[in-house]
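# Breakdown of the fold
Listed below, chain by chain, are the residues.
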Amino acid sequence: MTDESINKQIDSLRSLIEFYNIQYYQLNDSEISDSEYDKLFNELKTLEDLHPHLVSPQSPTQKVGSPPLDQFAKVNHKSPMLSLGNVFDNEQLEAWYSRISRLLDDDSFEMQCELKFDGLAVSIIYENGSLTTGSTRGNGIIGENITNNIKTLKNVPHNIKSSNNSLIDIRGEVYCPLDQFHSFNKQRELQGLQPYSNPRNTASGSLRQLDPEITAKRPLDIFIYGIGTTIGIHEYETHSETLDWLKSQGFNINEHRKIINSVVEIADYYAYWTEMRNSLNYDTDGIVIKVDSYQKQNVLGAVAREPRWAIAYKYPAKTEITKLIQIGINVGRTGSLNPFAELDPIAIGGVTVKNATLHNYEDIQKKDIRVNDFVYIRRSGDVIPQILGPVLEKRTGNEQVFTMPTECPSCNSQIYKYSDDVNYYCINSECPDQFENHLIHFVSKNCMDIRGLGEETIRSLINSKLLNTPADLYELTFDQIISLEGFKQLSTNNLISSIQESKQRPLYSLISALGIKFVGSEVSNLLSRNINNIFDLFEMNESKLTAFPGIGEKIALSICSYFSNDNNIYQITRFRDLGVNIYSNNTIENQSNILLGLTFVITGRLENHTRSEFESIINSNGGKITSNVSNVTNFLIAGADPGSKFTKAKELNVNIITEQELLEML
Ligand code: IVH
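Okay, so let's go over this structure. (Residues numbered from 1 in each chain as written. Predicted model: local features only at pLDDT ≥ 70, side-chain atom pairs only at ≥ 80, totals over all residues. Heavy atoms only, no water.)

With that settled, consider the sheet that holds strand 3 (residues 111–117). Taking strand neighbours across the sheet as the criterion, the five strands line up as 2-13-10-3-9 in an open arrangement whose pairing is mixed. At either margin of the open sheet sits one strand with a lone partner, and together these are strand 2 (85–87) and strand 9 (258–260). Ignoring strand direction, the axes of neighbouring strands in this sheet form an average angle of 35°. Strand direction decides the pairing type here: strand 3 and strand 10 (residues 284–291), joined by seven bridges, are antiparallel. Paired with Cys 113 across the strands is Ile 289, a residue of strand 10. (Pairing = 2+ DSSP bridges. Helix = DSSP H or I, 4+ residues; strand = E, 2+ residues; numbered from the N terminus. Axes fitted to C-alpha atoms, helices over the stretch in contact; angles between N-to-C directions.)

This is how it looks when you write it as structure tokens:
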């Protein structure tokens, strides 16, 4: 295969994974199973491993966490907050160990085994001995400023012994102790409040409060597991000595860490804690193994988002048994009929599971899952609960084989099955459930971002027949909105201005919002960069589309079929007539000389604009953009997961700013 065709395959996998990431993380509406997703992800990882020169920081394999939220001030981390690579069995562990032994040219070095705490990663900065900044990991480079909330944790000293002009960045995991989690949740229920689903969400929700007084009342604690940048602080030679010192300074260091120097000892530590994890008063999801010597850590370095000198060995996913009471069908926004299981509620790993996806009819048949069956359920980390299969020994004869309905449960139209697709579809474009999910997608943050238009309001608008297509949103009147339950003068005016504001979104938001199958924000961005206005897409055939990197046959076909539908053409014409922006590059580039004489470099994944949009914004305001950081660089615009330019800019003391800060300069 040529580099070009491999690149194309890689781009196409990246676009598909981005598409499913958005479905899963933002829309809670996954069309594929976790194992299908893992297969795509591994396929991409393998291709990237085989062709490392084709790896890009934008790849989903290279990203850490989620972007910081707007409500909090941003903190640029002094050094990136990395993630950890994972192994799941002894064979993978041995492979990691022999790789690093080879790189170190040594097969007997000390490592520290630690528990992997399941909470929220934080960075705490002490300057001249005083706690000055506390932040979340965010995207690894920029986090959220939660200083006052961190200060409410009893195990975080506000001052440590330290000399003048010193700085230390301390890294740890904030968690919620299990006994306190249970009593806190009971209290919430008594007060009629929604209980938290698990200790990790409690920790995260409690720490990311705008009011520190709320955080102070929450049951939180912290384990410190390492340090980032230090200036003017006595440097120890090993990680374990540093933790000893931190302990002497009043930090909470977990007592179960252990120095070892062989894979066998790691396997023993892992086996012990897999058995004993339930005896702890905090959740752990595995162990972490770290090379102890800093000198050796430096030799090993990091690849993309993960250090080579540390690895997480994750515990096997927790499996439970419960009864499947009913099989329901959800109609997704693309019309796919998604079967799901209604379960006898069961707690797995601190979360009460009531529903689980059943993927598709074929999967139900293959696993022979029947209504009234007892089923094995598995949930690990963030993953949607999976039904592994029926517990055959528990069958009583009362189980019923499930068959797919012949009509859509939402609109009673006949349903269709295409030969090349496992899903069944309702193809009625007026199907209410499909439309509701489509609208939820249309107004979401990555699409038209219409704030104040929640799912309840969407439902009322549909029920009162005020919304029959997304374009109807732009014709809603004050009187119509205020007639909805719960709306007053102020909320009505706010919603009207959000709707009006959304007309000015960049073209890629509108393309994403249309809900074309396989067209998520990455592909929308790519398309909008290559057209003048949305009508150009009507002219593009399959071969023109597949010529773009990142667009494979499947995506191209989906785009072509969308733009050849008369009703879709009519709806897009209506958007235009109602004043919704259909042009690319129509924003912000007010010509000015405000950036005259300034040189910019861009690194990392940008959230709100494409790289070329930024280039044209900077150029049309008098600035210059170059590809490398040097002494003449005035600003580095850092997006998520930046590369070596970030480190270089730090070394050269170049101002590092976010996308938003550049826009504010304008
Ligand atoms: S060390 C460069 N040690 O796991 C290594 N992380 O998946 C950075 N975590 O972001 C992390 N327990 O939030 C380390 N003993 C431990 C940990 C730990 C939990 C979390 C941490 C990190 C995530 C990576």
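So much for the structure itself; the text now carries on.
Our focus in this paragraph is the nonpolar core. Counting residues in hydrophobic clusters, the biggest one holds 63 residues, and the most contacted among them are Leu 473, Tyr 474, Leu 510, Ile 534 and Ile 551. A per-element tally of this core places helix 1 (residues 3–26) first, with seven residues. Leaving out residues up to four positions away in the same chain, Ile 534 has contacts with Leu 507, Leu 510, Ile 511, Leu 514, Phe 563, Ile 572 and Ile 582. (Core = buried A, V, L, I, M, F, W, Y, C linked by side-chain atoms within 4.5 Å. Buried < 20%, exposed > 50% of the residue type's maximum accessible area, 1.4 Å probe, protein only. Contact = heavy atoms within 4.5 Å.)

What surrounds the ligand is a group of 15 residues, the closest being Glu 114, Leu 115, Phe 117, Glu 173 and Lys 290. One nitrogen or oxygen atom from the side chain of Arg 137 is found 3.1 Å from an oxygen atom belonging to the ligand. Relative to its free-state accessible area of 520 Å², the ligand is covered by the protein chains to the extent of 89%. Ranked by residues supplied to the shell around the ligand, first place goes to strand 3 with four residues. Here the residues of the shell around the ligand sort into nine nonpolar, one polar and five charged. (Near = heavy atom within 4 Å. Polar contact = N/O pair within 3.5 Å; in protein donor to acceptor, adjacent residues only side chain to side chain. Areas by Shrake-Rupley, 256 points an atom, 1.4 Å probe, with all protein chains shown as cover. Nonpolar A, V, L, I, M, F, W, Y, C, P; charged D, E, K, R; others polar.)

Right, let's talk about unusual backbone geometry for a bit. The backbone phi angle of His 359 is positive, close to 60°, even though this residue is not glycine. Here His 359 shows up in the loop between strand 16 (351–357) and helix 11 (361–367). Although it is not a glycine, Asp 449 adopts a positive phi angle of roughly 45°.

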